[in-house]
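Chain by chain, the residues:
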Amino acid sequence: MFAMILLTGATGYIGSHTWVELLNAGHEVIGIDNLCNSSEKLLARVESITNIKPNFIRGDIRNIDVLRKIFQSHNIDCVVHFAALKAVGESVEKPLEYYDNNINGLLQLLRTCNEFSCENFVFSSSATVYHTENNPPYFENMALGPVNPYGWTKMMSEQILRNFEVASLSTRVAYLRYFNPVGAHASGLIGENPLGAPNNLMPYIAQVAVGRRELLSIYGGDWPTVDGTGVRDYIHVVDLAKGHMAAIDYLTQQKKSLTVNLGTGVGTSVLQLVHAFEIASKKKIPYEIVSRRVGDIAVSYANTDLAKKLMGWSAHMGVDQMCQDVWRWQSNNPSGY
Ligand code: NAD
Ligand code: WQD
């Protein structure tokens, strides 16, 4: 077990669920977030689930003085780095903001890790780094080739970390490539809370079900898939959070880096997800099929053998459970936090 883990982007969607799992497992954690895409109200929710007051600093990871203060006053020996901007469409409109936040933030963190000899690093990468010409399932050794600035920041971050590993021989990195995280904590107290209109499918469906939005637009009904709608590998956020714990254990025990997909290996179409949500929520989800979204692909899902082989981790929850948990969260918190 580590002396202390620093979570960046701690109040965000995946960060908060990972925070809960780490605290429940007895880890000492300090969280940092600048709240650009999350709310401080989350902290009380984490406390009610875990009975532990979360140790939180409001700050920007691009500010190295803030990072140094944290490392000076805590014995941080592992960083789990979630903090990033993540909206694909916005990244096309504001590429410089994305490169500044996601790349510069990583550089400041690595400089601080270097100064304070923090040798374990868990990085939030994404399935979006894979080249779209690969045929799914995606294996970790397949060609990379992002198609938008957000994806490029993830691929470049992986590259920066790989170069940093060579220079700083004792650094170990877990490169975790998430597929489509959805779901919420079983308590219904924490969940995905997009500010503004959701970019992603599951939170959009949930907001239609709860009456915040009228109609779901389905981007394309003529994809070469089971029912013509896009197929993705949805993974429950709590399974994903546990994947981070498995990665932390791997870094400590094996003292080696690893690159693994975190997905279920199962593809679900948009219409299949809509129907599963209708059953979970007992609500009708009105939808219309519109034209394809620029940049989308037909099918994306993971091969998950490597994560199982190296870390002994695999996802356990299926789409029905994901929908039930999202509905509990959304119906208990119709306007978010
Ligand atoms: P999120 O937006 O909910 O969480 C990210 C958090 O980082 C937010 O709370 C935000 O306020 C914070 N943040 C951003 N820039 C910061 C900065 N400079 N300093 C301090 N805090 C900052 O997103 P999420 O869905 O929890 O994603 C977490 C990580 O996982 C991100 O790196 C994202 O790119 C990656 N990821 C997410 C998905 C997904 O679909 N959700 C898929 C693959 C990878
Ligand atoms: C899923 C499916 C859409 C919204 C994105 C990022 C990726 C990663 C995860 C961070 C697709 C369809 C969606 C809607 C729809 N993020 N859809 N109507 O595009 O697989 O991945 O989030 O790393 O980088 O690109 O996820 O949830 O946006 O879409 O029909 O209103 O739902 O076309 O088939 P995606 P998504």
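See the structure above.
Sequence order sets the numbering: in each chain, residues are counted from 1 along the sequence as written. In the order they appear in the text, chains get letters beginning with A and ligands get numbers beginning with 1. Local features in this predicted model are restricted to residues whose pLDDT is 70 or higher, and side-chain atom pairs enter the listing and the counts only when it is 80 or higher, whereas totals over whole chains, interfaces and linings include all residues. Side-chain calculation: all heavy atoms of the structure are included, whereas hydrogens and water are not.

**Observations regarding the packing of aromatic side chains**
The condition is simple: For Phe, Tyr and Trp, rings pair up if their centres lie within 6.5 Å, where Trp contributes its six-membered ring, and each pair is then called stacked (planes under 30 degrees apart), edge-to-face (over 60) or tilted (otherwise). In this description a helix means any DSSP run of H or I spanning at least four residues, a strand means any run of E spanning at least two, and both kinds are numbered starting from the N terminus. Throughout, exposure labels follow a simple rule: accessible area from a 1.4 Å probe, protein chains only, divided by the maximum for the residue type, with under 20% read as buried, over 50% as exposed, and the rest as partly exposed. Two thresholds decide whether a charge sits over a ring: the Lys NZ or Arg CZ must be within 6 Å of the ring centre and within 35 degrees of the ring normal.
Under the defined criterion, the tally for this structure stands at seven aromatic pairs. Ring centres of Phe71 and Phe116 lie 5.5 Å apart, and the angle between their planes is 40°; this geometry places the pair in the tilted category. Separated by 45 residues along the polypeptide, Phe71 in helix α3 (residues 64-73) and Phe116 in the loop between α5 (95-115) and β5 (120-126) bring together distant segments of the chain. Owing to a relative accessible area of 27%, Phe116 belongs among the partly exposed residues under this scheme. With a centroid separation of 5.0 Å and an interplanar angle of 55°, the aromatic rings of Trp329 and Tyr337 are classed as tilted. Chaining the aromatic ring pairs together yields one cluster made of Tyr130, Tyr138 and Phe179. Geometry around Tyr204 places Arg213 over its ring, the cationic atom sitting 5.8 Å from the centre. For Arg292, the ring lying beneath its charged end belongs to Trp223, and the centroid distance is 3.7 Å.

**Notes on the packing of helix α1 (residues 13-24) against helix α2 (residues 42-50)**
Selection criterion: Where helices are involved, their axes are fitted lines through C-alpha atoms of the stretch in contact, as for all axes, and angles between N-to-C directions lie from 0 to 180°. Here is the rule for angles: anything less than 35 degrees is roughly parallel, anything more than 145 is roughly antiparallel, 65 through 115 is roughly perpendicular, and the remaining ranges are oblique. Handedness of a helix crossing follows the sense of rotation of the near helix relative to the far helix, less than a right angle counterclockwise being left-handed and clockwise being right-handed. Two residues qualify as a contact provided that any one of their heavy atoms is within 4.5 Å of a heavy atom in the partner residue. Charged residues are taken to be Asp, Glu, Lys and Arg, nonpolar residues to be Ala, Val, Leu, Ile, Met, Phe, Trp, Tyr, Cys and Pro, and polar residues to be all remaining types, Gly included.
Put simply, α1 and α2 touch, their axes get as near as 10 Å, and they point 30° apart. Here α1 lies roughly parallel to α2, going by the angle between them. Note that α1 runs across α2; the crossing there is right-handed. Touching Ser16, Trp19, Val20, Leu23 and Asn24 of α1 are Leu42, Leu43, Val46, Ile49 and Thr50, all from α2. Class assignment of the residues belonging to the contact of α1 with α2 gives a composition of seven nonpolar, three polar and no charged.

**Examining the site of ligand 2**
Spelled out, the test is: Only a single heavy atom is needed: when it lies within 4 Å of a molecule or strand, its residue is near that molecule or strand. Side-chain atoms alone can form a polar contact between residues adjacent in sequence; in general such a contact is a pair of N or O atoms within 3.5 Å, and within protein one must be able to donate a hydrogen while the other accepts it. We get accessible surface area from the Shrake-Rupley algorithm with a probe of 1.4 Å; when it comes to residues, only the shown protein chains can shield them.
Taken together, 18 residues lie around ligand 2, and Ser126, Tyr150, Ser217, Arg232 and Asp296 are the ones closest in. Between Arg293 and ligand 2, the recorded distance is 2.8 Å, taken from a side-chain N or O atom to an oxygen atom. Bound to the protein, ligand 2 loses 87% of the 690 Å² it would expose on its own. Sorting elements by how many residues they give to the shell around ligand 2 places strand β8 (residues 216-219) first, with four residues. Among the residues making up the shell around ligand 2, the classes are represented as eight nonpolar, seven polar and three charged.

**Some points on the sheet that holds strand β1 (residues 4-8)**
Worth spelling out the cut-off: One bridge is not enough; two strands pair if DSSP finds at least two bridges between them.
Here we have seven strands laid out as an open sheet, ordered β3-β2-β1-β4-β5-β6-β11, and parallel in their pairing. Bordering the open sheet on either side are β3 (55-58) and β11 (258-262), each of which pairs with just one other strand. Each adjacent strand pair in this sheet contributes to an overall mean axis angle of 20°, direction not counted. Here five bridges tie β1 to strand β4 (residues 76-81), and the two strands are oriented parallel to one another. Along β4, the bridge assignment pairs Ile5 with Cys78. Relative to strand β2 (residues 29-33), α3 is tilted by about 170°, and along the sheet it contacts β1, β2, β3 and β4.

**Section: the pairing of strand β6 (residues 172-178)**
Remark: a regular strand shows side chains that alternate across the two faces of the sheet. Put simply, the test is: By convention, orient the strands away from the viewer: a clockwise path from the first strand over the helix to the second makes the crossover right-handed.
Most of β6 sits out of view: seven of its seven residues are buried. The sheet contact formed by β5 and β6 spans seven bridges and is parallel. From the neighbouring strand, Ser126 faces β6, where its bridge partner is Tyr178. Of the crossover connections in this fold, the one passing from β5 over helix α6 (residues 149-167) to the parallel β6 is right-handed. As judged from the five bridges shared by β6 and β11, these two strands associate in the parallel manner. Pairing of Ala174 across the sheet is with Leu258, part of β11.

Distances and angles like these do not, on their own, reveal function.
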